[in-house]
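What the coordinates show
Read off the chains here:
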2 protein chains.
Amino acid sequence: MVGLGPGHPSLVTVQARQALEAAQVVIGYRTYLGQARELLAGKEVIAGAMTQELQRAGQALDLALGGKRVALVSGGDPGVYAMAAVVFDLAAQRGLDLAGGPGGLAVEVVPGVSAVNAAAALLGAPLSHDFACVSLSDRLTPWELIEQRLDLAAKADFVIALYNPRSKGRHWQYGRALEIVGRHRAPHTPVGVVARANRPGQSVNVMPLSAASAAEVDMQTLVIIGNSRSFQFGRRMVTPRGYLDKYGTP
Amino acid sequence: MVGLGPGHPSLVTVQARQALEAAQVVIGYRTYLGQARELLAGKEVIAGAMTQELQRAGQALDLALGGKRVALVSGGDPGVYAMAAVVFDLAAQRGLDLAGGPGGLAVEVVPGVSAVNAAAALLGAPLSHDFACVSLSDRLTPWELIEQRLDLAAKADFVIALYNPRSKGRHWQYGRALEIVGRHRAPHTPVGVVARANRPGQSVNVMPLSAASAAEVDMQTLVIIGNSRSFQFGRRMVTPRGYLDKYGTP
């Protein structure tokens, strides 16, 4: 399972490149394969659609069991809302031996720069204290649990990163999430909205929480809501670590 | 601000390498500079100690204002418990213009593979649902707030990553954190303990929450506590995304 990072080839790690070079078969969601185009020459490439995660994981395991070196690619990090858990979960259900010994499969996760870290870098330093990541997709998670997580994370003054804020068929959840967080956070709390980080069409905006529901967001947008100490600085957003409070300005 | 990733040179991104190559001065905590040793030839190198974050940030800004191209390096990602916020916070206090125009400074954050993603990759897929990161260091954060965050994050069934679980002068906080999470989590909940990920002396262990307080941890250890659905699979730890529950085993 190979993480390609946020999208730009310069944010791919050396290890991810090497894993793709060593692979005989590369499997992935169409968009992510597009990111790695120049590394795929001469390989068997299997492109899948957004909702076929289980099929891709099954195919990767079957091909690997058949003796192929397979790279299953994810954007960002394969461990964050991505394919690594799908593969391990399926392998566990099938009772496969992944210890890498004789007769077993050797499986490795190659980490990548995660979407939340890429978005944070473009915004400045919004993530620099305790933070929580919450996906607003209720396809596999009951909405009630998502609401509870938002409420408790906001109450605990975590910086909150929202993944998948809106999709074609899912419209009201983003506004509702802001409303829940707004119970515990001042209206001027900075919110960073990053679309298509490090990809064509990138946009980066910082706005107060009170105005954030009007931001255009989609499945390729990541939203970071500051904690009670976060502030806007020019076009950036910063969550202090606390050094200046403790030690004063040097 | 340049992120070097978890430690192994193969997990540095191309962009981070390029930023170091372009720099005239490289500043960083001694350990991180050691990770980038082969990229530092011919450069002015300023190595600092662990507790001199403000001094390093100030030095980096002063040198950049004096016209130098400066790389301030962090291990992992510069935006996660690292130097990016210190620089922006200090620049804001000094009223510096970081917009990059004439007379201003051009400042950029180069993201890296974060410690939590590196640890997760070695453990399997523990982070694959909503998760929260909490640092147990009370040097700059009141312990009461850390306890409240742990309690609410556990109540909300987040996967919880503990940074800085123990230091030379700080012993009881790790055990206390496990106790707080244990109020909301079953004793068999898997806990992953990763020390020195992708560096010499790496160790990776999965154990039940009930046994986790006995694990040896230090400032170079990252601890990931599963949510109520996480399970141990061989020597790995997996947090299901929910596909198999919804769609069954294909």
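Residues numbered from 1 in each chain as written. Chains lettered and ligands numbered in written order. Predicted model: local features only at pLDDT ≥ 70, side-chain atom pairs only at ≥ 80, totals over all residues. Heavy atoms only, no water.

**Re the side chain of arginine 236 of chain A**
With respect to the helices and strands, the residue arginine 236 of chain A is situated in strand β12 (residues 236-238). For arginine 236 of chain A, the contacting residues outside a window of four places in its chain are Leu123, Gly124, Val206 and Phe231 of chain A together with Phe88, Leu98 and Val107 of chain B. (Helix = DSSP H or I, 4+ residues; strand = E, 2+ residues; numbered from the N terminus. Contact = heavy atoms within 4.5 Å.)

**A look at the packing of aromatic side chains**
Inspection of every chain in the model, using the stated rule, returns nine aromatic pairs over all chains. Seen in terms of ring centroids, tryptophan 143 of chain A and tryptophan 172 of chain A are 5.3 Å apart; in terms of plane orientation they differ by 80°. Their pairing is edge-to-face. Here tryptophan 172 of chain A lies in the loop between β7 (159-163) and α7 (173-182) and tryptophan 143 of chain A lies in helix α6 (residues 143-155), a separation of 29 residues in the sequence. The exposure class of tryptophan 143 of chain A is buried, given its relative accessible area of 9%. Over the ring of phenylalanine 158 of chain B we find arginine 149 of chain A; its NZ or CZ atom is 5.7 Å from the centre of that ring. (Phe/Tyr/Trp six-rings, centres within 6.5 Å; stacked < 30°, edge-to-face > 60°. Buried < 20%, exposed > 50% of the residue type's maximum accessible area, 1.4 Å probe, protein only. Lys NZ or Arg CZ within 6 Å of the ring centre and 35° of its normal.)

**Topic: the sheet that holds strand β11 (residues 231-233) of chain B**
Each strand in a sheet pairs with its neighbour through backbone hydrogen bonds, running either in the same direction (parallel) or in the opposite one (antiparallel). All names here are of chain B. The three strands lie next to each other as β5-β12-β11, forming an open sheet whose pairing is mixed. Each edge of the sheet is formed by a strand with only one pairing partner; in this case those strands are β5 (124-125) and β11. Alignment of β5 against strand β12 (residues 236-238), held across two bridges, turns out to be parallel. By the bridge assignment for β12, glycine 124 is matched with methionine 237. (Pairing = 2+ DSSP bridges.)

**Notes on the packing of α6 of chain A against helix α6 (residues 143-155) of chain B**
Where α6 of chain A contacts α6 of chain B, the two axes come as close as 9 Å, and the packing angle between them is 180°. Classified by the angle between their axes, α6 of chain A and α6 of chain B sit roughly antiparallel to one another. For the pair α6 of chain A and α6 of chain B, contact is made by Gln148, Leu152 and Lys155 of chain A and by Gln148, Leu152 and Lys155 of chain B, respectively. (Axes fitted to C-alpha atoms, helices over the stretch in contact; angles between N-to-C directions. Parallel < 35°, antiparallel > 145°, perpendicular 65-115°, else oblique.)

**Quick notes on the sheet that holds strand β4 (residues 70-74) of chain A**
All names here are of chain A. Spatially, four strands are ordered β1-β4-β2-β3 in an open sheet, and the strand pairing comes out parallel. Of all the strands in the sheet, the pair left with one neighbour each is β1 (2-3) and β3 (44-48). Inspection of the sheet shows β1 paired to β4 by two bridges, in the parallel sense. Looking at the pairing, valine 2 lines up with valine 73 of β4. Most of the contacts of helix α3 (residues 53-65) go to strand β2 (residues 25-29), to which it runs at about 175°, and overall it touches β2, β3 and β4.

**Details of the interface of chain A and chain B**
Contacts between the two partners involve 76 residues from chain A and, on the opposite side, 77 residues from chain B. Where chain A abuts chain B, roughly 7000 Å² becomes buried across the two surfaces, and 62% of that area is made up of carbon and sulfur atoms. Between the two partners, chain A and chain B, sit four salt bridges. As a salt-bridge pair, aspartate 130 of chain B and arginine 149 of chain A come within 2.8 Å of each other at their nearest N and O atoms. On inspection of chain A and its partner chain B, the count reaches 33 residue pairs in polar contact (both at pLDDT 80 or more). Counting residues per element, the side of chain A that touches chain B draws most heavily on helix α4 (residues 83-93) of chain A, at nine residues. Relative to strand β6 (residues 131-135) of chain B, strand β6 (residues 131-135) of chain A runs antiparallel, the two sharing three bridges. Looking at β6 of chain B, one finds that alanine 132 of chain A is bridged to alanine 132 of chain B. (Buried area = accessible area lost by both parts, 1.4 Å probe. Salt bridge = Lys/Arg side-chain N within 4 Å of Asp/Glu carboxyl O. Polar contact = N/O pair within 3.5 Å; in protein donor to acceptor, adjacent residues only side chain to side chain.)

**Regarding the confidence of the model for chain A**
Taken residue by residue, chain A gives an average pLDDT of 94. The fraction at 70 or more is 100%. Both confidence scores are given for the complex: pTM 0.97, ipTM 0.96. (pLDDT = per-residue confidence, 0-100.)

**Description of the relation of the copies chain A and chain B**
Note on the copies: chain A fits chain B at an RMSD of 0.0 Å, the axial shift is 0.0 Å, and the rotation between them is 180°. Look at the turn and shift together and you get a two-fold axis relating the two. Both copies share a contact surface, since 100% of the interface residues of chain A are interface residues in chain B too. (Least-squares fit on C-alpha atoms with pLDDT ≥ 70 in both.)

**Comments concerning the side chain of serine 230 of chain B**
Residue and element names in this part refer to chain B. For serine 230, the position within the fold is in the loop between β10 (221-225) and β11. Taking relative accessible area as the criterion, serine 230 reaches 9% and is therefore assigned buried. Separated by 2.9 Å, the side chain of serine 230 and the backbone nitrogen of asparagine 227 make a polar contact. At a separation of 2.7 Å, a polar atom in the side chain of serine 230 contacts the side chain of threonine 239. With sequence-adjacent residues up to four places away left out, serine 230 is seen in contact with Pro190, Val238, Thr239 and Pro240.

**With respect to the environment of glycine 76 of chain A**
If you trace the backbone, glycine 76 of chain A turns up in the loop between β4 and α4. Those residues in contact with glycine 76 of chain A that sit more than four places away from it in its chain are Gly3, Leu4, Gly5, Pro6, Gly112, Val113, Ser114 and Ala115 of chain A.

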